[in-house]
Amino acid sequence: MKKGNQKVVFKDYISNQVLLLPPNLEELIEANHPVRVVNKVIDSINIDALIAGYSGGRTSSYHPRMLLKVLVYGYLCNVYSSRKLESCTKENIHFMWLSGMQQPDHNTINRFRSERLKDVLKNIFAQTVHLLSKAGHLSLKEVYTDGTKIEANANRYSFVWGKSIKYHQGKMEEQLKELWEYTQSIAKEELKDTAPIDFKAISPEKIAETVNTIHALLKDKEEVPQKIKQKVNYAKQRWAGKRKEYAEQEKILKGRNSYSKTDPDATFMRLKEDHMKNGQLKPAYNLQISTSNQFIVHYTLHHNPADTKTLAPHLRSFEQHLKTKPDVMTADAGYGSEENYQLLAKAKINPFIKYNYFDKEQSKHFFKDNYRSEYLKYDAETDTVICPSGKPMRKTKEYTRKTPDGMTQHYTSYQAESCEGCELRQKCHQSKNNRTVDLNHTLRHLKQQAKTNLLSETGVYHRKKRCYEVEPVFANIKHNKNFRRFNLRGQNKVEIETGLIALAHNLKKAATKGN
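Given the structure is predicted, the values throughout are model-derived calculations rather than measurements.

S.K.: Would you take a moment to explain the overall build of the chain for this structure?
M.R.: Looking only at helices and strands, one finds 20 helices and 16 strands in the chain. Taking 515 residues into account, the globule formula puts the C-alpha radius of gyration at 24 Å, and the chain, at 32 Å, lies well above it. With respect to the three principal axes, the spread of C-alpha positions in the chain is 110 × 80 × 40 Å. Here the chain, with 515 residues, has 44% of them falling under the buried criterion. Sequence-distant contacts in the chain: of pairs separated by 6 or more residues, those separated by 24 or more amount to 64%. Surface exposure of the chain reaches about 28,400 Å², of which carbon and sulfur atoms provide 48%. The distance from the centre of the 85 positive side-chain charges to the centre of the 58 negative ones in the chain is 4 Å.

See below:
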């Protein structure tokens, strides 16, 4: 018997023929191939939580570890369809090796992805991050955070708009009030003992009751115009149902400005990757990631298109799943808010986060003839603001303002004593009276701290590094992996896809670095 490179040759002495045995798949796969990294890492993690999701008796004939390997390697190879993954387990030697020559069908693969991984994938991802950290590939203490929007698998032209709901509800309440007032003028005697009605946020049941009362009083009165009767009939048929529909839509919105009818968890956002090049809003999710050495350390998905409001939940999720928090966080100006600066200070995380005008402030011409209120000099000893002409502006009042997120901000108002005859008045302000400015001293102090951090030697290092930390990861996911649109629908399933693409990205990178 003679062993070749990829085959075994021996002679059948009965038929006197030379026979060839099939090659061993192990011999066909390179020693440093990414599929071996996927196999090694998935074998190293604890999947007890995943196995616990299977009930005894009617369990799957395929081991969840094998299915997880097939899915992760599929996303590594840009194969996202369950039907294509089924074909790969029959035709591709890497998938055949991973699956041990088993051939799960597309329904099994899709069920495993959509249902079995729902509550466990983030834990699996966190385990791989810790493994990569121990191997020296990444750091959990210095991270770079940014966000991108990925289009949802939803109809781009069927949506529910929050402002539209408010408009139509207001219109309905206004018209109902007009009909009620008209009915009172026609049927005073019948309605003299009727309690007053609050038409603001009126319930569907109350709408139905009120419209039925109006219909009963007006239907037999000859002096009522036909147009009014038609309107009452229309209201009787539609308004209660519509009010109930609006209430259900508002529950789905949960404070958002919009959602897609085909994926209610998706919010309409403006995307950079606009397939129609017309700036239209598309249903999407806001993906936030923290990276280290271009590895994804953590990921979260958000309904809010603004990055500013995503940092707090992203950081909470980071601590929850990785059981630690970073010492240093670097991000762009989209995260530079009073709330975020205070959040990081409370968590004792050193921030290198720009605020909105930081880059412009680096220009030597920026402060020339700049009379914006935040750049006026402040004298803490006398509690006065120095106007551009060098005169003091006295404090007039203090007040608080709440942000849409419920955070309380404190402001102080200062007013100039006399702007009349000032040479700088035309450049300074356009008000007819003396200039008034409102300052948030807390935010001014936080911005000054941020500026000191950003201009330090360490700050310059992190600012430069941020450009080639997070952006290449997004470029790899969207361009190299061609993952610009989710394949599944719903927050839970989309989070699973995000976890799989993040796992695939990390393992591919670990394979190229040498594991």
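Okay, back to it.
S.K.: What should I look at first to understand the environment of isoleucine 289 in this one?
M.R.: In this structure, isoleucine 289 sits in strand E8 (residues 281–292). For isoleucine 289, a relative accessible area of 1% puts it in the buried group. Each C-alpha atom, one on isoleucine 289 and one on threonine 148, is 8.6 Å from the other, the two residues being 141 residues apart in sequence. The contact partners of isoleucine 289, leaving out residues within four places of it in the chain, are Tyr144, Thr145, Asp146, Ile296, His298, Tyr299, His314, Val470, Val473 and Phe474.

S.K.: Where do I start with the packing of aromatic side chains in this structure?
M.R.: By the definition in use, this model includes 13 aromatic pairs. The interplanar angle of 65 degrees and the centroid separation of 5.2 Å between the aromatic rings of phenylalanine 159 and phenylalanine 268 together place this pair among those described as edge-to-face. One end of the pair, phenylalanine 159, is in strand E5 (residues 159–161); the other, phenylalanine 268, is in strand E7 (residues 267–270), with 109 residues separating them in the sequence. Using a relative accessible area of 40% as the deciding quantity, one classes phenylalanine 159 as partly exposed. Each member of the aromatic cluster is reached from another via a ring pair, and the members are Tyr75, Tyr80, Tyr285, Phe483 and Phe486.

Reading guide: rules and limits
Sequence positions are assigned chain by chain, starting from 1 and proceeding in written order. The predicted origin of the model limits local features to residues at a pLDDT of at least 70 and limits the giving and counting of side-chain atom pairs to 80 or more, whereas totals for whole chains, interfaces and linings rest on all residues. With hydrogens and water excluded, all non-hydrogen atoms of the structure serve as input to the side-chain values. Labels follow the DSSP assignment, with helices taken as runs of H or I lasting at least four residues and strands as runs of E lasting at least two, numbered in each case from the N terminus. With C-alpha atoms as the basis for the radius of gyration, the globule rule is written as 2.2 Å multiplied by the number of residues raised to the power 0.38. In this scheme, a residue with accessible area under 20% of its type's maximum is buried, one over 50% is exposed, and one in between is partly exposed, where area comes from a 1.4 Å probe on protein chains only. By the convention used here, residues are in contact when the closest approach between their heavy atoms is within 4.5 Å. In this description, accessible areas are obtained by the Shrake-Rupley approach with a 1.4 Å probe, and a residue is regarded as covered only by the protein chains that are shown. For this count, His and the chain ends are skipped, Lys and Arg are scored as positive, and Asp and Glu as negative. The atoms used to mark charge sites are NZ of Lys, CZ of Arg, CG of Asp and CD of Glu. Stacked, tilted and edge-to-face are the three classes assigned to paired rings of Phe, Tyr and Trp, where Trp is represented by its six-membered ring and a pair needs centres within 6.5 Å; plane angles under 30 degrees give stacked, over 60 edge-to-face, the rest tilted.

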